[in-house]
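Residues per chain are reported as follows:
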Amino acid sequence: MIRLKGGCIYDPTHGKQGVLEDLYIDKGRIVPMPPAHVTVDEVIDVSGKVVMSGAIDIHTHIGGGKVNLARTLLPEDYREHAVRAEGGLRAGGGRMVPSSFVAGYRYAEMGYTACFEPAILPVNARQAHMEMGDTPMVDKGGYALLGNDDFLLRLLASGAEPRLVSDYVAWTLQATQCIGIKVVNPGGISAFKFNARQLDVDDPHPHYGVTPRRILGALTRALHDLKVPFPLHVHASNLGVPGNVASTLATMDAAEGLPIHLTHIQFHSYGTEGERKFSSAARQIADALNTRDNVFADVGQIMFGQTVTASADTMAQFRNSGHAHPRKWLCMDIECEAGCGIVPFRYRDANFVNALQWAIGLELFLRVKDPWKIFLTTDHPNGAPFTSYPHLVRLLMDREFRNQRLAGIHPDAASHSELASLGREYSLYEIAIMTRAGPARSLGLKDRGHLGAGAAADITIYEDMADRERMFSSPEYVFKDGEIVARRGKIVKSVPGGTHVVRPGFDRGIERPLREYFERFLTMRLDNFPISADELVECGSREQLVHPCGGSH
Amino acid sequence: MANGAAQSAIVENVPCPFCALLCDDLRVAVHRGRIEVKENGCGRSSRMFSVPDATPSAAVSGKPATLDAALSHAIGILRSAKHPRIISAGADVAGVRAMLSLAERMQGSVDHVDRSKAFRNLRVVQDAGWIATTLSEVRNRADLLVLAGVDVATHLPRFLERCFGSGASLFGAGAREIWSLGESSVSGATVPVRHLATGNARLPEVFSAVNALLANRRLDAAAIAGVPLEAIEALVARMKAARYGVLAWSAAGLDYPHAELTVQSMAAAVRTLNKETRFAMLPIAGPRADVTAAQATTWQTGIPLQVDFRNGVPEQRVPGADASFDAVIYVAPLATADVPPVFDVPLIVLGHDAAASWKADAYVPVATPGVDAVGHYFRMDGVVSLRMRQLVDRGLLPAAAVLGRLGAALEVPS
């Protein structure tokens, strides 16, 4: 048993806001204070230090086909950022799209203990789990991509009963070993295969006639009926298009009051005002989040510098391919399910559009009042690599620092944004909500994201520094399942992670139409599609971590 | 697993690892440790699934030896090697993972036997990117298949049957057509085929002309690469008219200097076509799991082969600038692997049955994923990976386990 003595606890799940309290760890879990006769093997003095649960990244592209294609496209990222094998750690590299081992190390160094890959094409789930299996230090989970797959679109076009859609969604979660469902540009990726270049929320799909609104409605309903904790994760229509605020609000409406999570909402908060016809709609979007109880979002903050965008949204990626920097890009249509597009990108503070994107993201963070409703992401690597999180935390917590930065961006962008007028500074408690308690609650991880008895002993302990960037870059201690795995920002022990999943019940009758569909149209048999719990371990996962369905949202 | 001496079983939907198509609809009979493909096979799968009764013996310098003796000999070779090269000729994901782990520890390099062919494509992806597609998209969507210098039936015996025949498709692909360019033959096609015959080495000229015509340039020539200009104009018109066109080629078939420029030129044409319609590329991979090797190496190190660990960090070595090496481990669990090239250094083979006759300093027989071991392989499109089944148990170790043993032994000082 380990006692963490005298730490300053930030545990929003239990309303603890800087409470001085000891924590006890036994067999990988946080336990109540033991009776006097129990031997404590080790006491670690963490007096004056900030204690939070391990951070959880709710949206980060760390594994699967598109990530590996991005690595392939960018050998320079590896030439310039090679990582040596030392201290029992594996070699690798990469800054924009790190290799699997290195991604795990970098996350743990920052105090993250769980990461969620948000775009797992069902047919590519094996690869995603293999890559995540080679990503140590953190637990992983994935969101399976539906809403552009011909099976669902056929169901919807034929007016199938909601029950059938639910069964298919539940079957997909089980077959792919995922914890949630994501839709990317609902119907749009499929429409692009039919040579459509745009699909608005109420546009009928060129072949199926189904609208994105209908797809969103069907999937939010299915997850609700299945009592899957995590709401539908939505990459909305019209990513990056000036004026897309209208379709973003329409996307929120499409959920008809059921829970919905809009991801990287910064890329969907654009107006068309001003002489450049590109403006911030952060206020409208934040107002919508502030007034609609069912809508959640992560930001997808951009940071200035070189990165790469990797997305299933081939329609948007093809449209944006002209902005590729360096000038190379990939697109792929995939297996009657979805697609993938990789476009390297350099965000410049001297560029009006990029500078305004930066300000819009920050505006959203600062305008959304309830930190339980908004999550800290850069949509790694699309807005910036995840290693920029400590910098982002400082931007949120330190107004003076933020305003200094604001003074350095394109002056028109700065003046078009209301960022300067926003005085809010996030507190440590709010950061703990946004990066721990909030994601855990949203995902339905009852034993993560908090420091109560019974929780997994995933704990991050920081020196309380005025420079929040430094503070969040290199925590004093990181515990994973009760073991110290990082000290002062350096990995001291490599450990494997498990895989978070949900397994809602469903009627196996769905396998009959699925089997027929696979045999008639696809190039793989249904029997070879699902990933069993044993196979998940072969892929590299430590174990399957099943979370119950059925809680309240 | 269908083991057991006297039992007989029919196994459905068996995945086949012997070409990059990874068909997984085979129906096989397993009887007394022997496998017979009953349905949905091809000449290659029928041949390669049939395993001999006897398992081969390990060998040292061509002479039968115990497994331990062969392993000790291999360990001896590796102990005196500074920079071994570990080459996949069919390793599965677990095998490639083990290769990387060992190479990293020994400051060696990891390679694939067909790497110089695959590099013709890789270079284009690294320099420019492309627009690609996958097998089920081809099956359901494509109305035009352009084959560039590839005898598709040789590489992928069931490709046309499964992906571009007259079978069911989601959107009723309608009138389908194949245009076959270069030294390509299209046996088994059930749709109309048009040939534009020329040497594969002249495909760069053909695609330059295609790109010029796509850019609305006029060409002052009666023929390009021996192909009448009208035929190329007709090709371009057909490509532009395609609802969803697919351009397939095999890098192995583009066997001439700077063939990557041909692939580059094809990628450029496809990019241009996508301004108006939909068109995508379909690289045809080899039969020795080159895509599997590239995928696993890329996610673990960022480098798609050849990856060299001599400087402690993974570094890419391109053909012509190969890492030097002083021992070779040749990992050949699939019967598609032929005798390796001649290396002037000690050779350790972890191989299939027939590899016993190769002139190796140490030979360790290994199980074949999909036959007598489980394992994962990637299909040619790089998206779908399948878990191979263990159909029989011959008591052989998987390559990953042998590599693991070598690595563990090397940890202990001699």
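What counts, and at which threshold
Residues numbered from 1 in each chain as written. Chains lettered and ligands numbered in written order. Predicted model: local features only at pLDDT ≥ 70, side-chain atom pairs only at ≥ 80, totals over all residues. Heavy atoms only, no water. Helix = DSSP H or I, 4+ residues; strand = E, 2+ residues; numbered from the N terminus. Expected span 1.5 Å × (residues − 1). Buried < 20%, exposed > 50% of the residue type's maximum accessible area, 1.4 Å probe, protein only. Arc of directions from axis to C-beta. Pairing = 2+ DSSP bridges. Salt bridge = Lys/Arg side-chain N within 4 Å of Asp/Glu carboxyl O. Axes fitted to C-alpha atoms, helices over the stretch in contact; angles between N-to-C directions. Parallel < 35°, antiparallel > 145°, perpendicular 65-115°, else oblique. Left-handed = near helix turned anticlockwise from the far one by under 90°. Contact = heavy atoms within 4.5 Å. Nonpolar A, V, L, I, M, F, W, Y, C, P; charged D, E, K, R; others polar. Phe/Tyr/Trp six-rings, centres within 6.5 Å; stacked < 30°, edge-to-face > 60°. Domains from an automatic or database assignment. Buried area = accessible area lost by both parts, 1.4 Å probe.

Peer 1: Mind laying out helix 12 (residues 399-411) of chain B, listing which residues take part and the relevant values?
Peer 2: All names here are of chain B. Relative to the 18 Å expected for 13 residues at 1.5 Å per residue, helix 12 spans 19 Å between its end C-alpha atoms, a close match to the ideal helical length. All of the buried residues along helix 12 are Ala399, Val402, Leu403, Leu406, Gly407 and Ala409. All buried residues of helix 12 lie within an arc of 165 degrees about the axis, which places them on one face of the element.

Peer 1: Tell me what's going on with the sheet that holds strand 6 (residues 85-88) of chain B, and back it up with residues and numbers.
Peer 2: All names here are of chain B. Read from one edge to the other, the open sheet built from nine strands follows the order 5-4-20-19-18-6-7-16-17, with strand pairing classed as mixed. Edge positions in the open sheet fall to strand 5 (63-65) and strand 17 (315-316), since each of these has one partner strand only. As defined by bridge partners, strand 7 (residues 109-112) adjoins strand 16 (residues 307-308) across two bridges and the pair is classed as antiparallel. Bridge assignment links valine 110 to a residue of strand 16, and that residue is valine 307.

Peer 1: So what about the pattern of salt bridges? Which residues, and what values?
Peer 2: All names here are of chain A. Throughout the structure, instances matching the rule amount to 69 salt bridges over all chains. Among the salt bridges present, the one from arginine 424 reaches glutamate 430, with a minimum N-O distance of 3.2 Å. The class of arginine 424 is buried, set by a relative accessible area of 19%. Looking at glutamate 430, the relative accessible area reads 17%, which means it is buried. One network of salt bridges, with partners in common, ties together Arg29, Asp139, Asp447, Arg448, Asp458, Lys480, Asp481, Arg542 and Glu543.

Peer 1: Please provide a residue-by-residue account of the sheet that holds strand 3 (residues 34-39) of chain B, values included.
Peer 2: All names here are of chain B. Spatially, three strands are ordered 1-2-3 in an open sheet, and the strand pairing comes out antiparallel. Both outer strands of the open sheet, strand 1 (8-14) and strand 3, are each paired with one neighbouring strand and no more. The average angle at which neighbouring strand axes cross in this sheet is 25 degrees, direction not considered. Inspection of the sheet shows strand 2 (residues 26-31) paired to strand 3 by five bridges, in the antiparallel sense. In the strand pairing of strand 3, histidine 31 is matched with arginine 34.

Peer 1: Mind laying out the packing of helix 3 (residues 93-106) of chain B against helix 12 of chain B, listing which residues take part and the relevant values?
Peer 2: The angle between the axes and the distance between the axes are what describe a pair of packed helices. Residue and element names in this part refer to chain B. At a minimum axis separation of 8 Å, helix 3 and helix 12 run at an interaxial angle of 20 degrees. With respect to helix 12, the element helix 3 is oriented roughly parallel. You can see that helix 3 and helix 12 cross each other, and the crossing is left-handed. Of helix 12, the residues touching helix 3 (which contributes Ala94, Gly95, Ala98, Met99, Leu102, Arg105 and Met106) are Ala400, Leu403, Gly407, Ala408, Leu410 and Glu411. Residues of the contact of helix 3 with helix 12, tallied by class, amount to nine nonpolar, two polar and two charged.

Peer 1: Could you give me a rundown of the packing of aromatic side chains, with the residues and numbers involved?
Peer 2: Taken as a whole and judged by the stated rule, the model has 26 aromatic pairs over all chains. Seen from their ring centres, phenylalanine 116 of chain A and tyrosine 143 of chain A are 6.2 Å apart, and the 15 degrees between their planes marks the pair as stacked. On the criterion of sequence distance, the pair formed by phenylalanine 116 of chain A in strand 9 (residues 112-120) and tyrosine 143 of chain A in strand 10 (residues 139-145) is long-range, its members being 27 residues apart. This pair shows no difference in class: phenylalanine 116 of chain A is buried, exactly as tyrosine 143 of chain A is. Ring centres 4.9 Å apart and planes at 80 degrees place the aromatic pair phenylalanine 194 of chain A and phenylalanine 171 of chain B in the edge-to-face group. With phenylalanine 194 of chain A in the loop between helix 7 (188-193) and helix 8 (212-226) and phenylalanine 171 of chain B in the loop between helix 7 (159-163) and strand 10 (177-181), the pair connects residues from two separate chains. By relative accessible area, which is 12% here, phenylalanine 171 of chain B ends up buried. Put simply, the rings of Phe151, Tyr168, Trp171, Tyr517, Phe518, Phe521 and Phe529 of chain A touch in pairs and so form one group of aromatic residues.

Peer 1: Residue-level account of the packing of helix 3 of chain B against helix 11 (residues 290-301) of chain B, with values.
Peer 2: Residue and element names in this part refer to chain B. Where helix 3 meets helix 11, the closest approach of the two axes is 9 Å, and the angle between their N-to-C directions is 50 degrees. By the angle between their directions, the pair helix 3 and helix 11 is classed as oblique. Handedness of the crossing formed by helix 3 with helix 11: right-handed. Across from Val93, Val96, Arg97 and Leu100 in helix 3, the residues of helix 11 making contact are Thr292, Ala293, Ala296, Thr297, Trp299, Gln300 and Thr301. A per-class count over the contact of helix 3 with helix 11 returns six nonpolar, four polar and one charged.

Peer 1: Could you give an account of unusual backbone geometry, with specific residues and numbers?
Peer 2: With an omega dihedral of -5 degrees, the bond running from histidine 325 of chain A to proline 326 of chain A counts as a cis peptide bond. Within the fold, proline 326 of chain A resides in the loop between helix 11 (314-320) and strand 18 (330-334). Residue glutamine 306 of chain B is reached from leucine 305 of chain B by a cis peptide bond, and omega for that bond is -5 degrees. Locating glutamine 306 of chain B in the fold gives a position in the loop between helix 11 and strand 16. Despite not being glycine, asparagine 185 of chain A shows a phi value in the positive range, around 40 degrees. Structurally, the position occupied by asparagine 185 of chain A is in the loop between strand 11 (180-184) and helix 7. Phi at glutamate 256 of chain A takes a positive value of approximately 50 degrees, unusual for a residue other than glycine.

Peer 1: How would you sum up the domain arrangement of chain B? Please name residues and give values.
Peer 2: Residue and element names in this part refer to chain B. When cut into domains, chain B gives domain 1 (2-48), domain 2 (58-114 + 288-410) and domain 3 (119-284). A straight line from the C-alpha centre of domain 2 to that of domain 3 covers 34 Å. At the interface, nine residues of domain 2 touch 11 residues of domain 3. A combined buried area of about 790 Å² lies between domain 2 and domain 3, and 70% of that area is made up of carbon and sulfur atoms. The largest share of the area that domain 2 buries against domain 3 comes from Arg379, Met380 and Asp381, three residues that together contribute 56% of it. Remark: the boundary between domain 2 and domain 3 carries zero salt bridges.

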